[in-house]
Amino acid sequence: MKNIKKTIDNRIDYLLILPVFILLIIGLLAVYIAINHDYPQNLTTVLAQQVLWIITGFALSFIVMLFSTEFLWKITPFLYILGLGLMILPLFFYSPQLVSLTGAKNWITIGNTTLFQPSEFMKISYILMLSQATVKLQQNIVNRYFKDDLKLLLVYGLLTLPVLFLLALQKDLGTALVFIAILSGLILLSGVSWQLIVFVTTIIISGSVGFLAMFLSPMGKSFFYNLGMDTYQINRISAWLSPFDFADSIAYQQTQGMISIGSGGFTGKGLNVVDLSVPVRESDMIFTVIAENFGFIGSSLLLGLYLFLIYRMIRVTFESNNLFYTYISTGFIMMILFHIFENIGAAIGVLPLTGIPLPFISQGGSSLISNLLGVGLILSMSYQNQKNKESFIEEQGSIN
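Residues numbered from 1 in each chain as written. Predicted model: local features only at pLDDT ≥ 70, side-chain atom pairs only at ≥ 80, totals over all residues. Heavy atoms only, no water.

Engineer: Outline the overall build of the protein chain, supporting the account with residue identities and numerical values.
Structural biologist: If you tally the helices and strands in the protein chain, you get 15 helices and two strands. The C-alpha atoms of the protein chain give 22 Å as radius of gyration, which agrees with the globular expectation for 400 residues (21 Å, within 12%). With the C-alpha coordinates aligned to their principal axes, the bounding extent of the protein chain is approximately 75 × 50 × 45 Å. Every one of the 400 residues in the protein chain was classed for burial, and the buried ones make up 47%. Entry remark: accessible area of the protein chain is about 19900 Å², with carbon and sulfur atoms responsible for 68%. Side-chain charges of the protein chain comprise 20 positive and 20 negative groups, with the mean position of each set lying 8 Å from the other. (Helix = DSSP H or I, 4+ residues; strand = E, 2+ residues; numbered from the N terminus. Rg over C-alpha atoms; globule rule 2.2 N^0.38 Å. Buried < 20%, exposed > 50% of the residue type's maximum accessible area, 1.4 Å probe, protein only. Areas by Shrake-Rupley, 256 points an atom, 1.4 Å probe, with all protein chains shown as cover. Lys, Arg positive; Asp, Glu negative; His and termini not counted. Charge placed at Lys NZ, Arg CZ, Asp CG, Glu CD.)

Engineer: Can you tell me about unusual backbone geometry, naming the residues and giving the values?
Structural biologist: One can expect most non-glycine residues to show negative phi and most peptide bonds to be in trans. Positive phi outside glycine occurs at V280, with the angle close to 55 degrees. Mapped onto the fold, V280 is located in the loop between α12 (252-263) and α13 (286-319). A positive phi angle is found at F360, which is not glycine, with a value near 70 degrees. Counting through the fold element by element, F360 comes out in the loop between α14 (323-347) and α15 (365-399). Note on F360: relative accessible area 2%, which makes it buried.

Engineer: Which residues make up the packing of aromatic side chains, and what values go with them?
Structural biologist: If you walk through the whole model with that rule in mind, you get 11 aromatic pairs. Between the aromatic rings of F324 and Y325, the centroid separation amounts to 6.3 Å while the plane-to-plane angle is 35 degrees, which identifies the pairing as tilted. No difference in accessibility class separates F324 from Y325, as the two residues are buried. Clustering of aromatic rings is evident, with ring pairs tying together F211, F215, F223 and F224. (Phe/Tyr/Trp six-rings, centres within 6.5 Å; stacked < 30°, edge-to-face > 60°.)

Engineer: Could you give an account of helix α3 (residues 43-65), naming the residues involved and the relevant values?
Structural biologist: Compared with an ideal rise of 1.5 Å per residue, which puts 23 residues at 33 Å, α3 spans 33 Å between its outermost C-alpha atoms and is within 8% of the ideal. Among all positions of α3, only L43, V46, Q50, I54, G57, S61, V64 and M65 are buried. (Expected span 1.5 Å × (residues − 1).)

Engineer: Quick one: what's the story with the layout of surface pockets, residue by residue and with numbers?
Structural biologist: One way to see where empty space is left: roll a probe the size of a water molecule over the atoms. In this model, the second largest pocket occupies a volume close to 330 Å³. L79, F121, I124, S125 and L373 are, among the 17 residues lining the second largest pocket, the residues nearest its centre. When contributions to the lining of the second largest pocket are tallied by element, the ones reaching two or more residues are α3, α4 (69-88), α6 (118-138) and α15. Ranked by the residues each element gives to the lining of the second largest pocket, the list is headed by α4, at six residues. Taken together, the residues of the lining of the second largest pocket break down into 15 nonpolar, two polar and no charged. (1 Å grid on protein atoms, 1.4 Å probe; cavity = no way out; pocket = protein on both sides within 12 Å on 5 of 7 lines; lining within 4 Å. Points joined across faces, edges and corners; volume = space filled by probe spheres on them. Nonpolar A, V, L, I, M, F, W, Y, C, P; charged D, E, K, R; others polar.)

Engineer: So what's going on with the pattern of salt bridges? Which residues, and what values?
Structural biologist: Counted under the stated rule, the structure contains six salt bridges. Between E120 and K123 there is a salt bridge, with the nearest N and O atoms lying 3.0 Å from each other. Of this pair, E120 and K123 both sit in helix α6, three residues apart, which is roughly one turn of the helix. Assessed through its relative accessible area of 2%, E120 is described here as buried. Using a relative accessible area of 0% as the deciding quantity, one classes K123 as buried. Here D275 and K269 are joined by a salt bridge, their closest N and O atoms 3.1 Å apart. For D275, a relative accessible area of 57% translates into the label exposed. A relative accessible area of 30% means that K269 is categorised as partly exposed. Salt bridges here are not isolated pairs; linked through shared partners, they connect K269, D275 and E292. (Salt bridge = Lys/Arg side-chain N within 4 Å of Asp/Glu carboxyl O.)

Engineer: Kindly report on the packing of helix α9 (residues 194-216) against helix α11 (residues 231-241), identifying the contributing residues and their values.
Structural biologist: Remark: α9 packs on α11, axes separated minimally by 12 Å, with the N-to-C direction vectors making an angle of 90 degrees. Between α9 and α11, the crossing angle belongs to the class labelled roughly perpendicular. Residue-level inspection shows F211, L212, F215 and L216 of α9 in contact with α11, the latter providing I234, I237, S238, W240 and L241. Class assignment for the residues of the contact of α9 with α11 results in eight nonpolar, one polar and no charged. (Axes fitted to C-alpha atoms, helices over the stretch in contact; angles between N-to-C directions. Parallel < 35°, antiparallel > 145°, perpendicular 65-115°, else oblique. Contact = heavy atoms within 4.5 Å.)

Engineer: How would you summarise the side chain of S362 if you had to cite specific residues and measurements?
Structural biologist: Among the structural elements, S362 can be located in the loop between α14 and α15. Within the local environment of S362, its side chain forms a polar contact with the backbone oxygen of S283, the two atoms lying 2.7 Å apart. (Polar contact = N/O pair within 3.5 Å; in protein donor to acceptor, adjacent residues only side chain to side chain.)

Engineer: With reference to specific residues and values, describe the nonpolar core.
Structural biologist: Across soluble globular proteins, you tend to see nonpolar side chains buried next to one another. Within the largest apolar cluster, 88 residues are counted, with the highest numbers of intra-cluster contacts made by V163, F332 and F360. In contact with F360, other than residues within four places in its own chain, are V20, L23, L24, G27, Y306, L309, I336, L368, N371, L372 and V375. With five residues, the next largest nonpolar core counts F224, M229, I234 and I237 among its residues. (Core = buried A, V, L, I, M, F, W, Y, C linked by side-chain atoms within 4.5 Å.)

Engineer: An account of a nonpolar patch on the surface is needed here, citing residue identities and associated values.
Structural biologist: A cluster of nonpolar side chains, namely L15, L18, F21, I22, I25, F308 and Y311, defines an oily patch on the protein surface of about 610 Å² accessible area. For the nonpolar patch, the secondary structure elements donating two or more residues are α2 (14-38) and α13. At five residues, the largest contribution of residues to the nonpolar patch is made by α2. Inspection of the secondary structure puts L15 in helix α2. (Patch = residues over 30% accessible without salt bridge, like charges linked within 9 Å, V, L, I, M, F, W, Y side chains within 5 Å.)

What follows is the structure in structure tokens.
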């Protein structure tokens, strides 16, 4: 038993776990400050739930770390199908109050109990499925041609469209953007022709510019509303483009968040000090709590922790000779990067609000557990790397 424990212990990448652990502690502190000021009567319940989710996430992460490559490969299609099945449930089991508040049917609610957000777990299943599909399509290619790129993109499309379709029915644009970010990372790493990438990127940029130009035109908002765009989506874009013109109405959350971040200054106001009211600061706007309490220095240290975590994940990826794991790592890194970029970008007013949580920091179980499952996959890669090294050393020793 001691030998088994020692073997497992030697294969765990503690330098990968360290930044995650620190981020979780910062998250607990930030959630405590937010709830203590906004909903003090719920403080014990919320913190207990957050701790329970962290423990659950770590336990699942440890289990995933021990998955063999073969087992992970075999269960990937089943996880993808299960994920799609779970994403159908919020269309039937949802809270009308939550839908009226957020505009999206992305949470499973039964009775008065909100359970979880299936799309968060689908992100991991999606990463696994895209990675497996990429390996299958590329393993027999000797000389790559344009038709091979088109075939790969077709398969990506077939795997992505059902997810985006369900997210469209849920009216969850923010999460849809996360899946597109994951897809973009896999496309870049898969070796698709750069001419094709430039062509698609040009279309996307042109479309985005055209959309903004039309939106800002005198009849733009009415035009998109008549096309079926929801009012809350139009309001979010308007609040992003001209936040202080709507500071007392649709942009109240965004402007209060920006003022809160600015008021923190260079060093912050000090622990447990928040003077401004920022809606939903325990989850979507959690960065405002960190910036107001700890200022520019604290915010920079937070970004430094994220950079170190991503560096460790990239380091583990470079040490692996397994393409399946390499694509998995790329997808998860893109997922984390997009979450960070979008959440903090929205908080400082650079990007529109989409309800994307800050990894390991924001209050909420679905995102937290999903992120820890992703960490478990990277730990599994590191675990298998170390295991292969041990096998190689043993083989060399037996030969000598």
